[in-house]
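# Remarks on the overall topology
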Amino acid sequence: MIVISNPFLVEDEIDILHSLFEEGLPLLHIRKPDFSELEMAQFIHQIKVEFRTNLVLHSHYHLAEDFGISRIHFSENNRNSPARFSKPCRSKSTSTHSIEDFNSLQNFDYAFLSPIFKSISKENYHPKRDLFGEIKSRTNYRTKVVALGGIDPEKIQKTLEAGFDDVALLGTIWNAENPLKQFKLCQKIVLTHLQSQA
């Protein structure tokens, strides 16, 4: 299960992130599109060193080496431009919006496929395609497919059963009154599903 940071600053955000990591969050995508390089560096600096291997950068890639981060995410637009990153990435991910786009990927560990449902965090952002139907046309099994967009606790099970390898959460966590409690609920559903598949 992946959590994506709120694009905007959140009250007590670093404390919440530390709590999520302590509860077993494997990956946090840091997506702060309006952050300058300095703001991004200041943000990462507040995250405990032991959790930095769980971070995935969406921008300012050159900061990765300074902070011991080896995971990078490429948007659809910058997927083909080489990242300014001197050491090899341990993990590369990207974003896709159709199964054709996903199937054509090479050299990515996983990719978001979105939006699956009407977005919780973005107004008027909803599926233009039936990605639940399209997933049946998947031919790329080298890359894990991660569902993103409008996923809340009620939709996780259905999404995983449809053939997605994992889910990424944004609005359901950051719009919740208690983000940690919401995370634990979602985590339990994912773990129960994985155990049933074992």
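In this report, we go over the structure that sits alongside the text. (Residues numbered from 1 in each chain as written. Predicted model: local features only at pLDDT ≥ 70, side-chain atom pairs only at ≥ 80, totals over all residues. Heavy atoms only, no water.)

## Considering the pairing of strand E2 (residues 27-30)
Burial along E2 is two-sided: Leu27 and His29 and Leu28 and Ile30, pointing in opposite directions, are all buried. For the handedness criterion, the β-α-β arrangement of strand E1 (residues 2-4), helix H1 (residues 13-22) and E2 is classed as right-handed. Crossover E2 to strand E3 (residues 55-57) through helix H2 (residues 37-45) is right-handed. (Buried < 20%, exposed > 50% of the residue type's maximum accessible area, 1.4 Å probe, protein only. Helix = DSSP H or I, 4+ residues; strand = E, 2+ residues; numbered from the N terminus. Right-handed = clockwise from strand over helix to strand, strands pointing away.)

## A look at the packing of aromatic side chains
Applying the stated criterion to the full structure yields 7 aromatic pairs. Measuring from ring centre to ring centre gives 6.3 Å for Tyr110 and Phe112, while their planes differ by 55°; the resulting arrangement is tilted. Just as Tyr110 is buried, Phe112 falls in that class too. Judged by centre distance (5.4 Å) and plane angle (55°), the rings of Phe117 and Phe132 are tilted. Placement of the pair is Phe117 in the loop between strand E6 (110-113) and helix H5 (131-134) and Phe132 in helix H5, with a sequence separation of 15 residues. Phe117 sits in the buried class, given a relative accessible area of 13%. We classify Phe132 as buried; its relative accessible area is 18%. A network of ring pairs unites the aromatic residues Tyr61, Phe74 and Phe108 as a single cluster. Its guanidinium or amino end placed over the ring of Phe108, Lys92 lies 5.4 Å from that ring's centre, counting from NZ or CZ. When the ring centre of Phe132 is taken as origin, the NZ or CZ atom of Lys158, which lies over that ring, is 5.0 Å away. (Phe/Tyr/Trp six-rings, centres within 6.5 Å; stacked < 30°, edge-to-face > 60°. Lys NZ or Arg CZ within 6 Å of the ring centre and 35° of its normal.)

## Quick look at the side chain of Arg138
Within the fold, Arg138 resides in the loop between H5 and strand E7 (144-148). Using a relative accessible area of 8% as the deciding quantity, one classes Arg138 as buried. A polar contact is formed between the side chain of Arg138 and the backbone oxygen of Thr143, at a distance of 2.9 Å. The residues contacting Arg138, other than those within four sequence positions of it, are Ile99, Phe102, Asn103, Thr143, Lys144, Val145, Gly163 and Asp165. (Polar contact = N/O pair within 3.5 Å; in protein donor to acceptor, adjacent residues only side chain to side chain. Contact = heavy atoms within 4.5 Å.)

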